[in-house]
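# Fold and contact review
If you want the building blocks of each chain, they are given just below.
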Amino acid sequence: MTARTASWLPLSSGERSVAIEVLVHGPLSRTDLARRLNLSAGSLTRLTKPLIESGLLVEVPEGGVPAEVRQGRPSQPLDVVAGSRSFLGFKVTEDMVYGVVTTLRSDIVARHDRPLTSHEPGEVVAVLGEMTDELARTHPGLAGIGIGVGGLVQDRAVVGESAFLGWRDVPLAALTEERTGLPVVVENDVAALVEAETWFGAGRGLDRFAVLTIGAGLGYGLVLGGKRVPFAEEDRGFGRHWIVNPHGPLTPDGERGSAVSLLTIPSIRYQVQAATGREWTYEEILSGAAAGDPLPARVVDEAARALGTLVAQIANFVLPQKILLAGEGVGLMDVAGGTVEETIRAHRHPMAAPVDLETKVSDFHDWARGAAVLAIQVLVLGTAEGWAQG
C-alpha cells in the first residue's frame, strides 16, 4: 500500500504548552491565554506565530461576530480547527476490533468494526491495516493511529503482556506502522480512556481526578496535577486483591470478597448461574433485580455495596475533585444507585463533602475514542515517549 504521511509538528516546549491549552480549553483570547500560561504579550506572539502558520491554530471571531462589524479594537481569540486533522482509534478485544475516526478534539465522525478470528499478531495487524485502508478512503489525510489493548503496554509501543490475546512482548506499534505508513501509539485501554477524559471529558481542567471502570474487569486511573499517574502494575489485575467484603462470594478462581469477585460482569453472571443452574445475561440480571426477583436482587445489592465501598475508599485516600464511573457495567447504577450512594456515605466521615460521582455508560467505541486521543497527544506533544515520561 502507499504510505500516508502525517503532518507532525516539531514543537518547542513553549509552543506545546500553548497548543495544549487552546486545544483543551479553547477558544481563548490572547489575554486569557497569556494569563493562564504566565506569558508576556510578546512571548505569546512569538509562540503562537508558528502554530498559526502551520494551521494548527486559527484566529476566530469572538462570539461568532465578524471582527469588522464590532465596535472598538477587534479581538481575535485563538482556537484549533477541529476538522483540520483526523485520527484513528482502535480498541482490540478478544473477538472484535472497534474502530473510530475522530476530529482533533476527539469528536467521533465515523465507526468501523471488524470481527477478530485469530490472536496471531500478524493477523491482528492485518485486520488493523484493512480497517485503516477502509476508513482512509472516506477520511483522507489521517494524522495518526492510537490502539488500546487490555494488557501491560511498555513505552506506548510494545504489548508486554495481554492475557486475553495470549501475547508477550509484541511490538504492535512498529508492526502497525509498517503496515499502514502512519505513526502509531499503543496504550493500555484504561489508561487511554483516562487520557481522553482528562483532556476532553469529565476530568478536563481538574487537578485531582479518578476513573473507575467496571465491565469484563475492573480498571482504575488517577490524575494528579492534571496528568495521569502511570504505574508499573497497570492492568496486572486491579481489584483482584482489593478486598471490599471478606465474607463475599467465591469466584471460579477461588477469590472471596474482592472487588473483582463482586463487581465484574463475569463474576455477577457466575454467581447467578451457580445458584439457578442456567445462564443469565448481565441485562437480564439487572432487569430481574429491578423487578424484585430475589436472587438477582441480592447479587446486585452486594455488587452495589461493593461499588459504594470502593468509591468511598478512593475518595478517602485520594481526595479527588471528581470520580468518573465508566464501562459496560455501569448499568448497575440505574438499578441500585441509591444503595451505592448510601454505602458511600456510610464509609465517609459524617462531615465529609459529598463525592462528585459522574456516571458514563461506555461502549467499545468510547474506548476506541480514548485510543484516538493518544494519537492526538502525540501530534501536539511530539512523541509518545515524550508524553509518557512527561
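Structure: above.
Now for a description of the structure that goes with this document. (Residues numbered from 1 in each chain as written. Predicted model: local features only at pLDDT ≥ 70, side-chain atom pairs only at ≥ 80, totals over all residues. Heavy atoms only, no water.)

Turning next to the side chain of Ser-106. Take Ser-106: it is sitting in the loop between β4 (96–102) and β5 (108–115). The exposure class assigned to Ser-106 is buried, which follows from its relative accessible area of 2%. Here the side chain of Ser-106 touches Arg-369 through a polar contact of 2.9 Å, side chain to side chain. In this structure, Ser-106 is in contact with Phe-200, Arg-369, Val-373 and Ile-376, ignoring residues within four places of it in sequence. (Helix = DSSP H or I, 4+ residues; strand = E, 2+ residues; numbered from the N terminus. Buried < 20%, exposed > 50% of the residue type's maximum accessible area, 1.4 Å probe, protein only. Polar contact = N/O pair within 3.5 Å; in protein donor to acceptor, adjacent residues only side chain to side chain. Contact = heavy atoms within 4.5 Å.)

The final tally for this structure, using the stated rule, is 21 salt bridges. Close ionic contact of Glu-134 with Arg-137 constitutes a salt bridge, the shortest N to O distance being 2.6 Å. Pair noted here: Glu-134 and Arg-137 are both in helix α4 (residues 121–138), with a separation of three residues, about one helical turn. Classification of Glu-134 as partly exposed rests on a relative accessible area of 39%. Because the salt bridges share partners, they merge into one network encompassing Glu-21, Asp-32, Arg-35 and Arg-36. (Salt bridge = Lys/Arg side-chain N within 4 Å of Asp/Glu carboxyl O.)

What follows concerns the pairing of β5. As paired elements, β4 and β5 share seven bridges and run antiparallel to each other. Looking at the pairing, Tyr-98 lines up with Asp-113 of β5. (Pairing = 2+ DSSP bridges.)

Let's shift gears to the packing of aromatic side chains. One pass over the full model with this rule turns up two aromatic pairs. Centroid distance Tyr-98 to Phe-364: 4.8 Å. Interplanar angle 20°. Geometry classified as stacked. Of this pair, Tyr-98 sits in strand β4 while Phe-364 sits in helix α12 (residues 364–381), and the two are 266 residues apart along the sequence. Taking the centre distance of 6.0 Å and the plane angle of 65° together, the rings of Trp-199 and Phe-200 count as edge-to-face. In terms of burial, Trp-199 and Phe-200 fall into one category: buried. (Phe/Tyr/Trp six-rings, centres within 6.5 Å; stacked < 30°, edge-to-face > 60°.)

Okay, the sheet that holds strand β10 (residues 184–188) next. Taking strand neighbours across the sheet as the criterion, the five strands line up as β5-β4-β3-β6-β10 in an open arrangement whose pairing is mixed. Either end of the sheet is taken by a strand with one partner, and the two such strands are β5 and β10. Averaged over neighbouring strand pairs, the angle between their axes works out to 20° when direction is ignored. Examined bridge by bridge, strand β3 (residues 86–92) and β4 share six bridges and lie antiparallel to one another. Along β4, the bridge assignment pairs Gly-89 with Val-100. (Axes fitted to C-alpha atoms, helices over the stretch in contact; angles between N-to-C directions.)

Bringing helix α11 (residues 332–346) into the picture now. Most pronounced at Gly-338, the bend in α11 amounts to some 50°. Within α11, burial applies to Leu-332, Met-333, Ala-336, Gly-337, Thr-339, Val-340, Thr-343 and Ile-344. Buried residues in α11 make contact with α7 (259–263), α9 (282–290), α10 (294–318), β14 (322–327) and β15 (357–361). (Bend = angle between axes of the 7 residues up to and from the residue.)

Moving on: the packing of helix α6 (residues 189–200) against α12. Where α6 meets α12, the closest approach of the two axes is 8 Å, and the angle between their N-to-C directions is 65°. Classed by the angle they form, the pair α6 and α12 counts as roughly perpendicular. By crossing handedness, the relation of α6 to α12 is classed as left-handed. Two secondary-structure elements touch here, α6 through Asp-189, Val-190, Ala-192, Leu-193, Glu-195, Ala-196, Glu-197, Trp-199 and Phe-200 and α12 through Asp-366, Trp-367, Arg-369, Gly-370, Ala-371, Val-373, Leu-374, Ile-376, Gln-377 and Leu-381. (Parallel < 35°, antiparallel > 145°, perpendicular 65-115°, else oblique. Left-handed = near helix turned anticlockwise from the far one by under 90°.)

Here the focus is unusual backbone geometry. With glycine set apart, most residues show a phi of negative sign, and most peptide bonds adopt trans. Between Gly-26 and Pro-27 the backbone carries a cis peptide bond, its omega angle lying at 0°. The residue Asn-38 is not glycine, and still its phi comes out positive at about 55°. Tracing the sequence through the fold places Asn-38 in the loop between α2 (30–37) and α3 (41–54).

Moving on to the pairing of β14. Burial analysis of β14 places six of its six residues in the buried class, which makes it a mostly covered element. The alternating pattern of β14 places Lys-322, Leu-324 and Ala-326 and Ile-323, Leu-325 and Gly-327 on opposite faces, both of which are buried. One ladder, built from five bridges, connects strand β11 (residues 208–214) with β14; its direction is parallel. Paired with Ala-210 across the two strands is Ile-323, which belongs to β14. Relative to β15, β14 runs parallel, the two being bridged by five bridges. Residue pairing across strands places Ile-323 opposite Leu-357, the latter belonging to β15. Of the crossover connections in this fold, the one passing from β14 over α11 to the parallel β15 is right-handed. (Right-handed = clockwise from strand over helix to strand, strands pointing away.)

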